[in-house]
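Survey of secondary and tertiary structure
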Amino acid sequence: MEIYLDNSATTMAFKEVTDLVSKVMYVDYGNPSSMHLKGVQAEKYVRDAKETLAKLLKVQEKEIFFTSGGTESDNWALMGAAQANSRAGRHLITTKIEHPAILQTMEYLESIGYEVTYLPVDENGVVRLDALEDAVRKDTILVSIMQVNNEVGALQPIEEAGKIIEKKNPRTLFHVDAVQGFGKIKLYPKRCNVDMLSVSGHKIHGPKGTGFLYIDDKVKIKPIVFGGGQQKGMRSGTENVPGIAGLSLAAKMMYDGMDEDVRRLFALKTYFQKELAKMDRVIVNGPLYGEGAPHIVSASFTGVRSEVLLHALEEKGIYVSAGSACASNKHTVSATLSAMGIAQELLDCTLRFSFSIFTTREELDYTLQCLGEILPMLRRFVRR
Amino acid sequence: MFTAFLIKYAEIGVKGRNRYLFEDALVEQIKFALAKLDAKYAVRKTQGRIYVDAVSEFDFDETVEALKKVFGISGICPVVYVEDEGYEKLAQTIAEYVNRVYGGQQKTFKVCARRARKNYPMNSMELNRELGGVILDNCPGMTVDVHDPDFELNVEIREKIYIYSEIIPGPGGMPVGTGGKAMLLLSGGIDSPVAGYMISKRGVKLEAVYFHAPPYTSERAKQKVVDLAKYVSAYAGPMKLHVINFTDIQLAIYEKCPHDELTIIMRRYMMRIAETIAKETGCLGLVTGESIGQVASQTMQSLAATNEVCELPVYRPLIAFDKQDIVDISEKINTYETSILPFEDCCTIFVAKHPVTKPNVNVIKGHEKNLEDVIDGLVQTALETREIIEIG
């Protein structure tokens, strides 16, 4: 049995998506910039994808730019906007719980003379709006806040944040990293004063290496990838047509029946959190039940190292992650969990379970049953 | 220009009537090393020399890199073959050769001509003198020094004429396979791959054993050891890696023995298991990466305690090396970056805060008695369920 509960790291692609990607690679393989028919046919996939995605977000087609994924979208939004607006100011704001694609870029910007404020979060991992209100200044050029935290599933108050930023400094740009939220929680940038929004394809059953950045028409931004002038010169490089087609189809499939899927996921999450909380010395982190994102559950297992528990579950065919797998392979303590004030000794005992629309109650029951067997065994053997 | 390599070997030249065995082993190892490349080569042994002839298009640098990993080679001389088309043509070729290899530099040289074909119209002395003159006249920057030249230009008159002057240092050592076989205890660390490399440099073929402790160690930790074994096998030739599931043995020790002796007792069982496989597979000794005093389990007393369980000799090539010296070798053989990947290995998972540094063998033996009921079965199972991975 294989039970994949690491959908915040990546997801299995929809079968329909792999069929389409394969068809575009093998049949409609033209370069969208070519003048001949083969190019025109390929270009149609890109146009259609823009139309689809623009509709889902209720924005204009020309505001969608395809990238290589969430990391590039995040990098571009920050670097491109910081450069283009440096005369208006050199101050940026983000939170302490962002993905490394944001935090590392901010660190780089600091090294070249920008100033960055990192907002604190509450015990559930939700950004403190009073801190945001205090932080926005006249020379603040950009605020970047994630929609859903990847480690504990905390849902950020994007709409309220948008209002605060608008009120304090209407010229400040607002970027949202929606990599974990897109396809699960609807967000309409124009209604929330969001100027830029990052999305990744492989978190929504699309292909890896795909994504896009929504950029509001009025935003001043510079490109960070130069070359043949594709996508209006804003993001050069031959468009990843099969990837773009796959991304767009995956997004459409996520939005079809989304309300029903989300209801079901919340029911699973509530069940799973309640069952975990009943277990001996298990602490559920982050927002509970109907709060937060519907697909992420974080829990700390006192006295058991997360890496060992992860491999013990792996032996049972259950795949989960310790901390954030996207920030993989590093023995670093989770910034999110620390920022939430989780006790030091629990940081190294924390697992993340992340669901997809394919996750079933039976899979969760099996996982709970395995945890029930494994935990007492592992607790017998600890470093003394 | 170059189409062949003359292989120089040092130590095996002096092995008396066993010499041909060593040479044959060296030829085999050269063939094995070159088989991984795309080009085709002929390796031949004639008149006490080994030549590698490229018989297809080949990449010079790639070939030299491959040869530099064959133990037993002390030097690699790139050779130019030319047809004998008379002295005038030879003189012209020599001048071209020197200008091409040393052009624009200030160098001292001497010519060493040899005639394997005695019917050549000039003798060696005449050739040395005449060709020396040709170089002085046609190659700017070159001056003669017969006592301590920067390069010796070798001209050998055979069925063809061989010209060479460069000697690229080889790795030295002895051809793998001439020194028997040993069992390497391979962990994911820096030391054990270096120990394997050093022992195989003395002509010893290797097998390796790795102790895996799932779920405490991960698939990636195992992959890391497989990768390290591959780097070692680039020098040591193909080897078998035996992967032992050590978890149950480790947990039994944990439950039944004093905690500060856990590492020592664990290592004693590792040695026992390694020795059992070694004997099964015809190995004549064990190899470890231990170095005196590096950690608690590598004090003289601890080494004595782990050594005590073995009948076979235990070779510890790094025993007197400082860590930095070991790191330097691991960088040279490309294992360092892999070794420092941060995956937990089975030696560190349950390690005590204050392990014994001066264990007493009798005390340890007494505590091992606590394991009597279970340990033979566990060791047996571990041996039977081992996974064998072919490397190289």
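What you see is a predicted model, and the numbers here were worked out from it, not measured in a lab.

Rules used in this analysis
- Residues numbered from 1 in each chain as written.
- Chains lettered and ligands numbered in written order.
- Predicted model: local features only at pLDDT ≥ 70, side-chain atom pairs only at ≥ 80, totals over all residues.
- Heavy atoms only, no water.
- Helix = DSSP H or I, 4+ residues; strand = E, 2+ residues; numbered from the N terminus.
- Rg over C-alpha atoms; globule rule 2.2 N^0.38 Å.
- Buried < 20%, exposed > 50% of the residue type's maximum accessible area, 1.4 Å probe, protein only.
- Contact = heavy atoms within 4.5 Å.
- Domains from an automatic or database assignment.
- Buried area = accessible area lost by both parts, 1.4 Å probe.
- Salt bridge = Lys/Arg side-chain N within 4 Å of Asp/Glu carboxyl O.
- Pairing = 2+ DSSP bridges.
- Axes fitted to C-alpha atoms, helices over the stretch in contact; angles between N-to-C directions.
- Polar contact = N/O pair within 3.5 Å; in protein donor to acceptor, adjacent residues only side chain to side chain.

Here we take up the overall build of chain B. Per the secondary structure count, chain B includes 13 helices and 15 strands. In summary, chain B has a C-alpha radius of gyration of 27 Å against a globular reference of 21 Å for 392 residues, an excess of more than 25%. Once the C-alpha set of chain B is aligned to its principal axes, its extents read approximately 85 × 35 × 35 Å. Put simply, chain B has 392 residues, and 53% of those count as buried. Taking the intrachain contacts of chain B between residues at least 6 apart in sequence as the baseline, contacts between residues at least 24 apart amount to 80%.

The next point concerns the side chain of S218 of chain B. As for its position among the elements, S218 of chain B is in the loop between β11 (205-212) and α6 (219-236). Beyond its immediate stretch of four places on either side in the chain, S218 of chain B contacts H311 of chain A together with H212 of chain B.

Moving on: the domain arrangement of chain B. Residues and elements named next belong to chain B. Domain parsing of chain B yields domain 1 (4-169) and domain 2 (181-391). Using only C-alpha atoms to locate each centre, domain 1 and domain 2 end up separated by 44 Å. The interface of domain 1 with domain 2 comprises six residues on the first partner and eight residues on the second. Here domain 1 packs against domain 2, burying approximately 670 Å² in sum over the two surfaces, 63% of which is carbon and sulfur. For the domain 1 face of the interface with domain 2, the top three residues by lost area are F32, K69 and F71, together amounting to 76%. Inspection of the domain 1/domain 2 interface yields zero salt bridges.

Sheet strands pair by backbone hydrogen bonding; their relative direction is either parallel or antiparallel. Residue and element names in this part refer to chain A. In spatial order, the strands read β9-β10-β13-β12; together these four strands make up an open sheet with antiparallel pairing. Only two strands of the sheet have a single neighbouring strand rather than two, namely β9 (282-285) and β12 (321-322). In the sheet, β9 pairs with strand β10 (residues 296-301) via four bridges, with the strands oriented antiparallel. When the bridges of β10 are listed, N285 appears paired with S298. In the packing of helix α8 (residues 258-278) onto the sheet, the strands contacted are β9, β10 and β13 (350-354), and the crossing angle to β10 comes to about 5°. Contacting β9, β10 and β13, helix α12 (residues 361-380) crosses the sheet at an angle of about 20° to β10.

Another point: the interface of chain B and chain A. By a widespread convention, an interface's size corresponds to the accessible area lost as its parts come together. Across the boundary between the two partners, chain B contributes 21 residues, which contact 15 residues of chain A. Buried surface at the junction of chain B and chain A, summed over both partners, amounts to about 1,600 Å²; 48% is from carbon and sulfur atoms. E255 of chain B is the salt-bridge partner of R380 of chain A, the closest N and O atoms lying 2.6 Å from each other. Taken together, the connections running from chain B to chain A amount to one residue pair in polar contact (both at pLDDT 80 or more). Put simply, the parts of the chain that give the side of chain B that touches chain A at least two residues each are α6 and α7 (247-256) of chain B. For the side of chain B that touches chain A, the leading source of residues is α7 of chain B, giving three residues.

All names here are of chain A. This model, assessed by the stated rule, comprises 49 salt bridges over all chains. As a salt-bridge pair, E133 and K167 come within 2.7 Å of each other at their nearest N and O atoms. Linking E133 in helix α5 (residues 129-135) with K167 in helix α6 (residues 158-168), this pair joins segments that are 34 residues apart in sequence. Judged by relative accessible area, E133 falls into the partly exposed class, the value being 27%. R379 serves as the salt-bridge partner of D280, at 3.9 Å between the closest nitrogen and oxygen. Placement of the pair is D280 in the loop between α8 and β9 and R379 in helix α12, with a sequence separation of 99 residues. A relative accessible area of 15% places R379 in the buried class. Residues joined by salt bridges that share partners form a network here, namely E63, K190, D195, D216 and K218.

We now examine helix α9 (residues 306-315) of chain A. Residues and elements named next belong to chain A. Of all 10 residues in α9, eight are buried, a share of seventy percent or more. Listing the buried residues of α9 in full gives S306, E307, V308, L309, L310, H311, A312 and L313. Of the surrounding secondary structure, the elements contacted by the buried residues of α9 are β10, β11 (318-319), β12, β13 and α12. Downstream of α9 by one or two residues, G317 has phi in the positive range, about 85°.

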